[in-house]
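# Structure at a glance
Chain by chain, the residues:
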Amino acid sequence: MNQKYDIEQKFLNRTLQVGECIFQEGDKGDFAYIIDEGEVEISTITATNERIVLNVLQSGDMFGELALVDGSPRSASAYAKTNVVLTIVTSEQVKTRIEDADPILKLLLIVVMKYFRSETGRLRSNTQEVDLSSLETQKQEYQEKIFQAIELIRLESDLRSGFKQEQLHPFYQPIVDLKTNLIVGFEVLLRWFSPTRGNVSPSIFIPLAESTSLIIPMGEWLLDKALSAIDRIKKETNYDIFLSINVAEKQIHSPEFINILKEKIKVSGINPQQIKLEILERSLFEGETALSLVEDCRNFGLPLVIDDFGTGYANLAYLKNFQFDTLKIDQCFVKDLENNIKDQIICRTLIDLSHGLDMTAVAEGIENEEQLKILSSLKCNYGQGYFFSPPVSLEKAIDFIKQYSN
Ligand code: C2E
Ligand code: CA
Ligand code: CA
């Protein structure tokens, strides 16, 4: 049996007797503990071999959690001061939660935990010689983490105010029918032009918007913009194009999202077929909610695109359980397509798979004519990429349609 299992067994379902050791300074920290009954004494040994008590904890208190957060050995010892009953919290339980936590929260948690640890150290070192060099590295580490957390907080508040001040703009990247070479639609991609930061990439601000729920109002605003863009394109070019909108995981899991979406589309009078929802493969991981959203969208007539397919789990069960209209081949399979036989095989397989399952295939990130030729010969339905055009403003998008349709 491994040591961890032994420790777990040692405390499980039994009362610890007065004086019994729970862990000692320097032990590996795999568990945190919650006191169900009794009292626990946290203590440390000074340089002069004296045991000093740092704290006495009672029922409901948690201890030992510091080691779970930063993986370092126990900085103090814990003994049962009376008979004690404990609940064990495993590192797995805490670790995945911390890993999944909001990035700002995670950084702050680490900073706070480190602060507590250094306070324990300070108490102990009252009679000990202080190792200045280790304090200095610790300080640098804090500063770096604090700096990162502050930077994220600043970025988030800039994003919030930038959103209110209309610094965000939808851009439109043409999606071309590879048989006719005509533009049939556009993917809507957000751009943030910050007066102080310049152009901030959506791969930076979208995850931040998602971690703070700003993505919900942002997504609604984007939908309004998209619906009015379809209207304007129709008026200026007489073309009924579709717009493909990226849907973040948070939106999929928001119960109002689909209702607001349906309501806005109904009010606009636009055919639901003209709004395609791009859903990342990894967003589907959560199962039930995603399944009902997908069904709801399809019943309403909204086409669904599975985005970046093949870069997540490439879980074929998604294709079996959810009915998508389009499979989007990620640009990582396209960027070296002309030189790499494996990419060619992957693209062919994904295109055949799409057609076999009654879906169309769209390849993104097409940058040159060779890539386009290969994809056309593989009967890929649609293409998107810098070879045709980067994402552009609505005005430019309208000019493109006028040019291409003549
Ligand atoms: P995505 O959905 O995979 O979007 C495609 C990305 O590829 C876009 O990056 C696009 O500008 C870029 N791209 C297009 N053609 C080419 C090409 O030929 N070569 C190369 N190298 N890249 C090309 P972008 O605009 O920086 O967006 C990054 C990601 O941010 C998007 O990836 C999407 O996941 C997310 N995103 C952008 N706008 C939104 C939005 O409104 N809502 C949500 N939820 N996510 C968005
Ligand atoms: Ca996309
Ligand atoms: Ca993509």
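The structure we're discussing is the one just above.
On a predicted model such as this, the values are computed, not experimentally measured, just so you know. (Residues numbered from 1 in each chain as written. Chains lettered and ligands numbered in written order. Predicted model: local features only at pLDDT ≥ 70, side-chain atom pairs only at ≥ 80, totals over all residues. Heavy atoms only, no water.)

With that settled, the discussion passes to the packing of helix α7 (residues 215-237) against helix α14 (residues 394-404). When two helices pack together, their arrangement is given by the angle between the helix axes and by the axis-to-axis distance. Relative orientation of the contacting elements α7 and α14 amounts to 40°, with a least axis distance of 10 Å. Classified by the angle between their axes, α7 and α14 sit oblique to one another. Considering only the axes of α7 and α14, their crossing is right-handed. Contact with α7, carried on its side by Ala 229, Arg 232, Ile 233, Glu 236 and Thr 237, involves Leu 394, Glu 395, Ile 398, Ile 401 and Lys 402 of α14 and no other residues of that element. (Axes fitted to C-alpha atoms, helices over the stretch in contact; angles between N-to-C directions. Helix = DSSP H or I, 4+ residues; strand = E, 2+ residues; numbered from the N terminus. Parallel < 35°, antiparallel > 145°, perpendicular 65-115°, else oblique. Left-handed = near helix turned anticlockwise from the far one by under 90°. Contact = heavy atoms within 4.5 Å.)

At the metal site, the calcium ion (ligand 2) is ligated by Glu 187 (OE), Asn 246 (OD1), Glu 278 (OE) and Asp 307 (OD), and these contacts range over 2.2 to 2.4 Å. Donor residues for the calcium ion (ligand 2), ordered by position in the chain, follow E-x58-N-x31-E-x28-D. Between the calcium ion (ligand 2) and the calcium ion (ligand 3), the interatomic distance is 3.9 Å, and Asp 307 donates to each metal, bridging them. One end of the pair, Glu 187, is in strand β9 (residues 183-194); the other, Asn 246, is in strand β11 (residues 242-247), with 59 residues separating them in the sequence. With a relative accessible area of 4%, Glu 187 lands in the buried category. Asn 246 sits in the partly exposed class, given a relative accessible area of 29%. (Donors = N, O, S within 2.8 Å, 3.2 Å for Na, K, Ca; no water. Buried < 20%, exposed > 50% of the residue type's maximum accessible area, 1.4 Å probe, protein only.)

Lining the immediate environment of ligand 1, one finds 20 residues, of which Gln 173, Arg 191, Gln 331, Glu 367 and Tyr 386 sit closest. Between Gln 173 and ligand 1, the recorded distance is 2.9 Å, taken from a side-chain N or O atom to a nitrogen atom. Take Leu 190: an N or O atom from its main chain is 3.1 Å from a nitrogen atom of ligand 1. Protein chains shield 83% of the accessible area of ligand 1, which is 790 Å² for the free molecule. For the shell around ligand 1, the leading source of residues is β9, giving four residues. (Near = heavy atom within 4 Å. Polar contact = N/O pair within 3.5 Å; in protein donor to acceptor, adjacent residues only side chain to side chain. Areas by Shrake-Rupley, 256 points an atom, 1.4 Å probe, with all protein chains shown as cover.)

On to the environment of Leu 319. For Leu 319, the position within the fold is in helix α11 (residues 316-321). The exposure class assigned to Leu 319 is buried, which follows from its relative accessible area of 7%. In this structure, the C-alpha to C-alpha distance between Leu 319 and Leu 353, residues 34 residues apart in sequence, is 9.5 Å. Those residues in contact with Leu 319, other than ones at most four positions away along the chain, are Ile 306, Phe 309, Phe 324, Leu 327, Leu 353, Leu 357 and Met 359.

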